[in-house]
Amino acid sequence: MAAISSMAVDKEIQLVVFTLYGEEFGVDIMQVKEIIKPQNITRLPHAPEFVAGVINLRGDVIPIVDLRKRFELAKIENTDQTRIIIVEIANGQVGLIVDSVAEVLRIQSSSIGAAPANIAGLKTNLLKGIGKLDDRLLILLDLEELLSTDEKLQLRQVVVSAGGERDEK
Amino acid sequence: MEFAQARELFIAEAREYIQTMNDGLLKLEQNPENQTLLDEVFRAAHSLKGMSATMGYESIVALTHEMENVFDRLRNGTLVLNSAIVDVMLEGTDKLEQAVMSLSESDDGATGFSEDKYGDLIQRLRECSGNSEVEYRQVQPGQRSIPSGGNRITLDEFETEVARQAVERGSSIYEIHIVLRENCLLKSVRVFTVFKTLEEMGDILKSNPPAQDLDEEKFDREFGVIVISQKSGDELRAAIEGISEIDSVDVARMDPANLGASQAQARARAQAQGSLVGTGKPEVKAESKPGNKGEAGASGSSEKIVRVETERLDKLINLVGELVINRTRVVQTGKDSGNAEHQSAIEQLDRLTTDLQNAVMKLRMVPIKQVFDRFPRMIRDLARSEGKSVQLVMNGAETELDRSVVNQIGDPLVHLIRNSIDHGIEPPEIRRQKGKPEMGTIRLEARHEGNHVVVEIEDDGAGIDSAKIRAKAAEKGIVNRDEAMKMSDRDALKLIFSPGFSTAERVSDVSGRGVGMDVVRSAIEGLGGSVDVSTKVGAGTRFTLQLPLTLAIIKALLVAVGDETYAVPVQSIRENLRISGDKTKTVHGHPVITNRGEVLPLIFLGEVLETPGYSRPEMGPNRTIPVMVVSFGDRRGALVVDRILGQQEVVIKSLNGLTWNTRDIAGATILGDGKVALILDVAAMI
């Protein structure tokens, strides 16, 4: 599938790559504030399922989202790889629980293609695009959208479609 | 000073001057002969004019100039104040305020003089002062006008600084322009005499031409001197006029705010000169005594005040908040260490932190005066537009509150006052018939009471008729007719705070739309305060607001619910009880307890908060469970928890970054062990 080049200018973007359910995801490093090990999370009553609670980050109270729950994946125990990525979005800071943080890599914006249109029932505005690096596929999430909607998401679908792309290649 | 900074400073000081003029005018309306006030408002206008001239704000200069003229005539008795004049002048202060406010966006409004914006007002102001442009320059017979724009003396930085300090110590600065007689011989001797005379009365800062040239008679007939003196301008003038061979003397008091050279300043000086010449009364008006606040505080206030950006203050307060939390941990570990010296050092640290915390909390406190200040004007305008006669009595304006509380009570208070004027105070004829004084009184009072600030708004108007309230409430369907009739008077009165309620026969401009009281109540309760009302038909109504002193740090009771720890603000807790199973009853299937004659439903926090794995405790006769009786306004409830852990001061942290439901939760705090504990929103639960 032809990549739709984003803008006229080909910029270099740095991505923080994390894994979830064996899939690789990327977040623009400009949005990432820090990466911390899991810590005590205080439950927030009445919040959606995927909101794990809040933590104390050097005196600030930050909400934490369990991405696995967000994508309705089975819950697993934290491993020593599990991390919380603190990102900055419009309303403030949020932490994302991920399976592991792999690396920070550079990618050209020209290597980022639009998300495939055929993700069943899933609004593509939740994805910023798919990055291709060698034979890796990085799913770039639109964090604002992801965290502002209650809508149920199924990661399986995302994976299948992206994987479908992979197979296609 | 960078222009942006200068502008900020200008805006702040201009506001103070405008406020002084505003307040002064209102007071003068009741008391037109008060010389101190008249002098004060004149000085304010004069200072504002000078400042604006330095900044190049033409339109403000033009407007202030006209107002200054009127004030001048008022203060020297050639014009008597009446309500019509007050009206026009208040229009002036309003326009000034608008102009100053627009400055924070752009300079355009103030730098360009707009005939349509101000022309009409200026015309009316001129009619008041009886001045036209030409008349203004008129000089009394016998006094020659002094050439302006000629030998303006300018001060360098050092001299300006010296002058400013002198003003702070209570002196005034005068620019004295002296013209010697035409055929005067031995000019230098005259100059010497003048100098000697002036030095007996103050200090000479500078002369133009410089002393050297004066000595060598390198001048024509005129020279100027800048003098710092505690004497009055008239005294100085009289002293110099007494010297022989002096043709004319002009003494102009300088404004420390516009020392230093500038074209605009020269212009302003010229105008100021002209005005003083124009009034030229031989009588020495009793000037303010030296060291008087009025003179020293040319910028409007002689208190020692430092301006600090709120951002910096907030950072400081945050840090202290962190320190307070950390302190608890340190104290804890200190106790466990067993080392005596360690412990005493920690105790010391504990005391210091408490002191620091108290001091910092005071930083957030501002006097409620800032809010009260706008009321006299508002009441006057409202009363006039309603055709009523109202006076305002204010007490306790210096009472201090947390900054954020002060910011938020303005609107509720405005609404209550409007209600008072609209529905409370009767028109003069009716009041007369009732045997009341024609002028209604609204009393506004603020005072500290324990951990709260109490604000009362009381009027001597018609009072609230609870019968009317009941009827209206039933009509609006807020309660059904039976309930309405059965309610106690107190409860009926509280109905006015219900959403959608209004008893106004007609919806006036001001109030009566049925949204006001409800909004007032939620605003105050949102701050953690409460509203109460008491009234007597025919006599008047009193609203009592209770507000917390501070919002950022509160005392809370930590409780355990299942595995979770929550903080309950102590302010909401009325009592802590231990209830045994046999004391509970069931009403409509719901467990309740009786406490002080009231029936309270039991609220199981574990259920409300959906604590995982929670189940109601067994309620047998032999087991007691902890129950907290909490209240909000006049609602009461009984919260059931698993354990009460202890009382603690907590720093409230905001929960931002959340777009999801935070029902029942008012905020968060960080406990001594670094964990987050959520603060419960008691009001939402009962």
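Residues numbered from 1 in each chain as written. Chains lettered and ligands numbered in written order. Predicted model: local features only at pLDDT ≥ 70, side-chain atom pairs only at ≥ 80, totals over all residues. Heavy atoms only, no water.

Engineer: Help me understand the overall build of chain B, please; the structure alone is not making it clear to me.
Structural biologist: In terms of regular secondary structure, chain B is built from 25 helices and 22 strands. Per-residue burial over chain B gives 49% buried out of 686 residues. In chain B, of all internal contacts separated by at least 6 residues, the share reaching a separation of at least 24 is 70%. Counting only carbon and sulfur atoms, one obtains 48% of the accessible surface of chain B, whose full area is about 33700 Å². (Helix = DSSP H or I, 4+ residues; strand = E, 2+ residues; numbered from the N terminus. Buried < 20%, exposed > 50% of the residue type's maximum accessible area, 1.4 Å probe, protein only. Contact = heavy atoms within 4.5 Å. Areas by Shrake-Rupley, 256 points an atom, 1.4 Å probe, with all protein chains shown as cover.)

Engineer: Hey, could you run me through the overall build of chain A in this one?
Structural biologist: A count of helical and extended segments in chain A gives three helices and 11 strands. Burial statistics for chain A: of 169 residues in total, 51% are counted as buried. Once local pairs closer than 6 in sequence are excluded, the contacts in chain A between residues at least 24 apart make up 59%. By element, 49% of the accessible surface of chain A is carried by carbon and sulfur atoms, the whole surface being about 8300 Å².

Engineer: Can you walk me through helix α18 (residues 403-424) of chain B in this structure?
Structural biologist: Residues lying three or four places apart along an α-helix face the same way, a consequence of the helix completing one turn every 3.6 residues. Residues and elements named next belong to chain B. Here α18 is 22 residues long and its end C-alpha atoms lie 30 Å apart, about the 32 Å a rise of 1.5 Å per residue gives. Along α18, the largest kink reaches about 35° and is centred on I409; proline P412 follows within four residues of it. Counting buried positions along α18 gives 17 out of 22 residues, so the element sits mostly inside the fold. (Expected span 1.5 Å × (residues − 1). Bend = angle between axes of the 7 residues up to and from the residue.)

Engineer: Got a minute to help me understand the pattern of salt bridges in this structure?
Structural biologist: Per the counting criterion, the structure on display carries 35 salt bridges over all chains. For A:R136, the salt bridge is made with A:E24, and the minimal N-O distance between the two is 2.8 Å. Of this pair, A:R136 sits in strand β11 (residues 136-141) while A:E24 sits in strand β2 (residues 23-28), placing them 112 residues apart in sequence. You can call A:R136 partly exposed: its relative accessible area is 23%. Given a relative accessible area of 18%, A:E24 falls into the buried group. Between B:E575 and B:R596 there is a salt bridge; the shortest N-O distance is 2.7 Å. Of this pair, B:E575 sits in strand β14 (residues 573-580) while B:R596 sits in the loop between β16 (590-595) and β17 (598-604); the two residues are 21 residues apart in sequence, bridging distant segments of the chain. B:E575 gets classed as buried once you look at its relative accessible area, which sits at 19%. Beyond isolated ion pairs, a larger network of salt bridges with shared partners links B:E29, B:D87, B:D94, B:R377, B:R380, B:D381 and B:R384. (Salt bridge = Lys/Arg side-chain N within 4 Å of Asp/Glu carboxyl O.)

Engineer: Explain the sheet that holds strand β20 (residues 643-651) of chain B here, please?
Structural biologist: Across a sheet, paired strands are connected by hydrogen bonds in the backbone, their directions being either parallel or antiparallel. All names here are of chain B. What the five strands build is an open sheet, ordered β20-β12-β13-β22-β21; its pairing is mixed. Among the strands making up the open sheet, the edge pair consists of β20 and β21 (665-670). Mean inter-strand twist for the sheet, computed between neighbouring axes without regard to direction, equals 35°. Across two bridges, the pairing between strand β13 (residues 564-569) and strand β22 (residues 676-680) is parallel. The residue bridging A567 from the neighbouring strand is I679, located in β22. (Pairing = 2+ DSSP bridges. Axes fitted to C-alpha atoms, helices over the stretch in contact; angles between N-to-C directions.)

Engineer: It is not clear to me how the nonpolar core should be interpreted in this structure. Could you clarify?
Structural biologist: Across soluble globular proteins, nonpolar side chains have a tendency to be buried as a group. Core analysis: the biggest nonpolar cluster contains 65 residues, and A:L67, A:V87, A:L96, A:L141 and B:M628 have the highest contact counts within it. The leading source of residues in this core is strand β18 (residues 624-632) of chain B, at five residues. Leave out the neighbours within four places in its chain, and A:L67 touches A:F18, A:L20, A:L96, A:I97, A:V98 and A:L146. Counting 47 residues, the second-largest nonpolar core is a separate cluster that includes B:V414, B:L416, B:L493 and B:F543. (Core = buried A, V, L, I, M, F, W, Y, C linked by side-chain atoms within 4.5 Å.)

Engineer: How should a negative patch on the surface be read in this particular structure?
Structural biologist: Residues and elements named next belong to chain B. The grouping of D156, E157, E161 and E168 at the surface amounts to a negative patch. Locating E168 in the fold gives a position in helix α8 (residues 157-168). Note on E168: relative accessible area 62%, which makes it exposed. (Patch = residues over 30% accessible without salt bridge, like charges linked within 9 Å, V, L, I, M, F, W, Y side chains within 5 Å. Lys, Arg positive; Asp, Glu negative; His and termini not counted. Charge placed at Lys NZ, Arg CZ, Asp CG, Glu CD.)

Engineer: Just checking my understanding: could you explain the confidence of the model for chain B for this structure?
Structural biologist: The predicted coordinates ought not to be read in detail in places where the model reports low pLDDT. Residues and elements named next belong to chain B. Overall, the predicted model of chain B reaches an average pLDDT of 78, with 83% of residues at or above 70. Confidence drops under a pLDDT of 50 for residues 132-151, and excluding neighbours within four residues, the segment shows 35 contacts in the predicted structure. Predicted as a complex, the structure gets a pTM of 0.47 and an ipTM equal to 0.81. (pLDDT = per-residue confidence, 0-100.)

Engineer: Please explain the environment of B:K362 as it appears in this structure.
Structural biologist: Along the chain, B:K362 falls in helix α15 (residues 340-363). In this structure the C-alpha to C-alpha distance between B:K362 and B:D402, which are 40 residues apart in sequence, comes to 8.2 Å.

Engineer: Help me understand the environment of A:K132 in this model?
Structural biologist: You can see A:K132 is positioned in strand β10 (residues 127-133). The sequence separation of A:K132 and A:G113 amounts to 19 residues, and the corresponding C-alpha distance is 7.8 Å.

Engineer: Please clarify how the packing of helix α1 (residues 3-30) of chain B against helix α17 (residues 375-386) of chain B should be interpreted in this entry.
Structural biologist: In a packed pair of helices, the relevant descriptors are the angle between the two axes and the axis-to-axis distance. Residues and elements named next belong to chain B. One can describe the packing of α1 onto α17 by two numbers: an axis separation of 10 Å at closest approach and a directional angle of 50°. With respect to α17, the element α1 is oriented oblique. Seen along the crossing, α1 lies across α17 with a hand that is left-handed. Taken together, the residues of α17 that come into contact with α1 (itself represented by N22, L26 and E29) are P376, R377, R380 and R384. (Parallel < 35°, antiparallel > 145°, perpendicular 65-115°, else oblique. Left-handed = near helix turned anticlockwise from the far one by under 90°.)

Engineer: I tried to follow a nonpolar patch on the surface on my own but got confused; where do I start?
Structural biologist: A cluster of nonpolar residues, B:L185, B:L186 and B:V189, forms a patch on the protein surface that exposes about 300 Å² of accessible area. One can find B:L185 in the loop between β1 (172-180) and α9 (187-201).

Engineer: Looking at this structure, how should I read the packing of aromatic side chains?
Structural biologist: Between two aromatic rings, the relevant description is the distance of the centres plus the angle of the planes. Residue and element names in this part refer to chain B. Considering all chains together, one arrives at five aromatic pairs over all chains under this definition. Ring centres of F219 and F223 lie 5.7 Å apart, and the angle between their planes is 75°; this geometry places the pair in the edge-to-face category. Each member of the pair, F219 as well as F223, carries the same accessibility label: buried. A cation over a ring is seen here: K187 above F219, with NZ or CZ 5.2 Å from the ring centre. (Phe/Tyr/Trp six-rings, centres within 6.5 Å; stacked < 30°, edge-to-face > 60°. Lys NZ or Arg CZ within 6 Å of the ring centre and 35° of its normal.)

Engineer: For this particular structure, what's the right way to read helix α4 (residues 83-103) of chain B?
Structural biologist: Its 21 residues place the ends of α4(B) 30 Å apart at the C-alpha level, agreeing with the 30 Å of an ideal helix rising 1.5 Å per residue. Along α4(B), the residues that are buried comprise B:I85, B:V86, B:V88, B:M89, B:L90, B:G92, B:T93, B:L96, B:A99, B:V100 and B:L103.

Engineer: Got a minute to help me understand unusual backbone geometry in this structure?
Structural biologist: All names here are of chain B. Note the cis peptide between N208 and P209, where omega equals 0°. With respect to the helices and strands, P209 occurs in the loop between β2 (202-208) and α10 (211-215). The backbone of H588 sits at a positive phi, close to 55°, despite the residue not being glycine. Here H588 lies in the loop between β15 (585-587) and β16. Phi is positive for R596, close to 50°, though the residue is something other than glycine.

Engineer: Looking at this structure, I do not really get the packing of α4(B) against α17(B). What am I missing?
Structural biologist: Residues and elements named next belong to chain B. Close contact between α4 and α17 brings their axes to 13 Å; oriented N to C, the two are set at 125°. By the angle class used here, α4 and α17 are oblique. Crossing hand, α4 versus α17: left-handed. Between α4 and α17, the residues in contact are S83, V86, D87, L90, T93 and D94 and R377, R380 and R384, respectively. Across the contact of α4 with α17, the residue classes break down as two nonpolar, two polar and five charged. (Nonpolar A, V, L, I, M, F, W, Y, C, P; charged D, E, K, R; others polar.)

Engineer: Explanation requested: the sheet that holds strand β6 (residues 390-395) of chain B in the structure shown.
Structural biologist: Residues and elements named next belong to chain B. Spatially, β6-β8-β9-β11-β10 is the arrangement adopted by the five strands of the open sheet, whose pairing is mixed. Of all the strands in the sheet, the pair left with one neighbour each is β6 and β10 (530-536). Averaged over all pairs of adjacent strands, the angle between strand axes in this sheet comes to 15°, irrespective of strand direction. Taken together, the eight bridges between strand β9 (residues 452-459) and strand β11 (residues 540-548) define a ladder with antiparallel strand orientation. Counterpart to V453 in the pairing with β11 is L547. This element, α17, spans β6 and β8 (440-449) of the sheet and lies at about 165° to β6.

Engineer: Would you mind going over the side chain of B:R377 with me for this structure?
Structural biologist: Relative to the helices and strands, B:R377 is located in helix α17. Excluding residues within four positions of it along the chain, B:R377 makes contact with B:N22, B:L26, B:L90, B:T93 and B:D94.

Engineer: Looking at this structure, how should I read the confidence of the model for chain A?
Structural biologist: All names here are of chain A. Of the residues in chain A, 76% reach a pLDDT of 70 or more, and the chain-wide mean stands at 78. A low-confidence stretch, residues 1-6 (pLDDT under 50), is modelled with eight contacts involving residues beyond four sequence positions or located in other chains. Confidence drops under a pLDDT of 50 for residues 156-169, and excluding neighbours within four residues, the segment shows 24 contacts in the predicted structure.

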